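A structural walkthrough
The primary structure of each chain is shown beneath.
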Amino acid sequence: MKVVRFIAGMRYFVLIPVIGLAIAACALFIKGGVDLVRFMGELITGMAEAGPEASIIVEIVETVHLFLVGTVLFLTSIGLYQLFIQPLPLPGWLEINDIEELELNLVGLTIVVLGVNFLSIIFEPQETNLAVYGIGYALPIAALAYFMKVRSHMSKGSGKGERLTSLVEAASEGGDSSWLTNKKRD
């Protein structure tokens with residue numbers, strides 16, 4: 001009995017990443033807010049460099065990017081708390097029901113980070129070949145998007161056995177969509 005209580009109590013170690021992620025999210029919110037206020041002040045007072053509109057857009061996108069990363073970290077913090085400690089009285093769109101939802105949030109964040117980083121490289125004047133950077137950013141984005149597609153397809157199935165069978169059938173039929181029509185009839 002003591003071993004079972006000890007193992008059940010180990011779930012409270014999740015409070016370490018919960019608190020750490022919440023602090024990191026708050027830091028990003030503060031940093032993004034300060035950057036946004038500073039940037040807007042420079043635009044209004046005319047102290048900003050008289051550069052092309054592209055640099056203004058990149059600056060704003062990078063600031064919004066900080067807010068998005070902070071939001072995903074905050075959602076991950078809340079999700080870990082809900083999964084391991086106790087459910088929270090939150091709206092339905094904010095509830096996390098399984099670890100897969102947290103994984104998909106993190107993968108989506110990674111895709112956004114890569115896209116914003118590539119956007120900033122495009123608008124910076126460089127003498128390097130952008131095609132190399134484009135391929136370097138596109139391959140992981142494509143792989144992560146495929147991962148998200150497969151993961152969401154798997155989570156739509158009702159049982160693990162059905163999900164595995166459907167995926168094996170889809171792979172073995174070489175893209176034939178007849179397994180989808182069989183699935184709809186069930």
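Anyway, here's the lowdown on the structure attached to this text. (Residues numbered from 1 in each chain as written. Predicted model: local features only at pLDDT ≥ 70, side-chain atom pairs only at ≥ 80, totals over all residues. Heavy atoms only, no water.)

**What about the overall build of the chain?**
Assigned secondary structure in the chain consists of 7 helices and 0 strands. Within the chain, buried positions represent 22% of all 186 residues. Restricting the contact set of the chain to residue pairs at least 6 apart, pairs at least 24 apart contribute 60%. Looking at the chain as shown, the accessible area adds up to about 12,700 Å², and 69% of this sits on carbon and sulfur atoms. (Helix = DSSP H or I, 4+ residues; strand = E, 2+ residues; numbered from the N terminus. Buried < 20%, exposed > 50% of the residue type's maximum accessible area, 1.4 Å probe, protein only. Contact = heavy atoms within 4.5 Å. Areas by Shrake-Rupley, 256 points an atom, 1.4 Å probe, with all protein chains shown as cover.)

**Some words on the pattern of salt bridges**
What the rule picks out here adds up to 3 salt bridges. Between Glu-42 and Arg-38 there is a salt bridge; the shortest N-O distance is 3.4 Å. Linking Glu-42 with Arg-38, this pair stays in helix 2 (residues 15–45), spanning 4 residues, or about one helical turn. Take Glu-42: its relative accessible area is 24%, and that puts it in the partly exposed class. Given a relative accessible area of 38%, Arg-38 falls into the partly exposed group. Among the salt bridges present, the one from Glu-59 reaches Arg-38, with a minimum N-O distance of 3.4 Å. On the criterion of sequence distance, the pair formed by Glu-59 in helix 3 (residues 53–84) and Arg-38 in helix 2 is long-range, its members being 21 residues apart. For Glu-59, a relative accessible area of 24% corresponds to the partly exposed category. Each of Arg-38, Glu-42 and Glu-59 takes part in one network of salt bridges that share partners. (Salt bridge = Lys/Arg side-chain N within 4 Å of Asp/Glu carboxyl O.)

**A closer look at a nonpolar patch on the surface**
On the surface, a cluster of nonpolar side chains totalling about 680 Å² of accessible area is made up of Val-3, Phe-6, Ile-7, Met-10, Phe-13 and Ile-16. It is helix 1 (residues 2–9) that provides the largest number of residues to the nonpolar patch, a total of 3 residues. Position of Val-3 relative to the elements: it lies in helix 1. (Patch = residues over 30% accessible without salt bridge, like charges linked within 9 Å, V, L, I, M, F, W, Y side chains within 5 Å.)

**Some points on the packing of aromatic side chains**
This model, assessed by the stated rule, comprises 1 aromatic pair. Geometrically, the ring pair formed by Phe-118 and Tyr-137 is tilted, given 5.5 Å between the ring centres and 50 degrees between the ring planes. With Phe-118 in helix 4 (residues 99–123) and Tyr-137 in helix 5 (residues 130–156), this residue pair connects regions lying 19 residues apart in the sequence. Given the relative accessible area of 21%, Phe-118 is considered partly exposed. (Phe/Tyr/Trp six-rings, centres within 6.5 Å; stacked < 30°, edge-to-face > 60°.)

**A short note on the nonpolar core**
The biggest cluster of nonpolar side chains holds 7 residues, and these are Ala-25, Leu-28, Leu-66, Val-69, Val-72, Leu-73 and Leu-109. Contributions of two or more residues to this core are made by helix 2 and helix 3. Element by element, the count of residues in this core is highest for helix 3, at 4 residues. Counting 5 residues, the second-largest nonpolar core is a separate cluster that includes Val-14, Leu-80, Ile-96 and Leu-102. (Core = buried A, V, L, I, M, F, W, Y, C linked by side-chain atoms within 4.5 Å.)

**A short note on helix 2**
A rise of 1.5 Å per residue sets the reference length of helix 2, with its 31 residues, at 45 Å; its end C-alpha atoms lie 45 Å apart and thus fit the reference within 8%. Looking at helix 2, one finds that the buried residues are Val-18, Ala-25, Leu-28, Gly-32, Asp-35 and Phe-39. Positive backbone phi, at 80 degrees, marks Gly-46, one or two positions downstream of helix 2. (Expected span 1.5 Å × (residues − 1).)

**Some thoughts on the side chain of Gln-82**
Along the chain, the position of Gln-82 falls in helix 3. Within polar-contact distance, the side chain of Gln-82 engages the backbone nitrogen of Ile-96 at 2.7 Å. If we skip the residues at most four places from it in the chain, Gln-82 touches Pro-87, Leu-88, Leu-90, Leu-94, Glu-95 and Ile-96. (Polar contact = N/O pair within 3.5 Å; in protein donor to acceptor, adjacent residues only side chain to side chain.)

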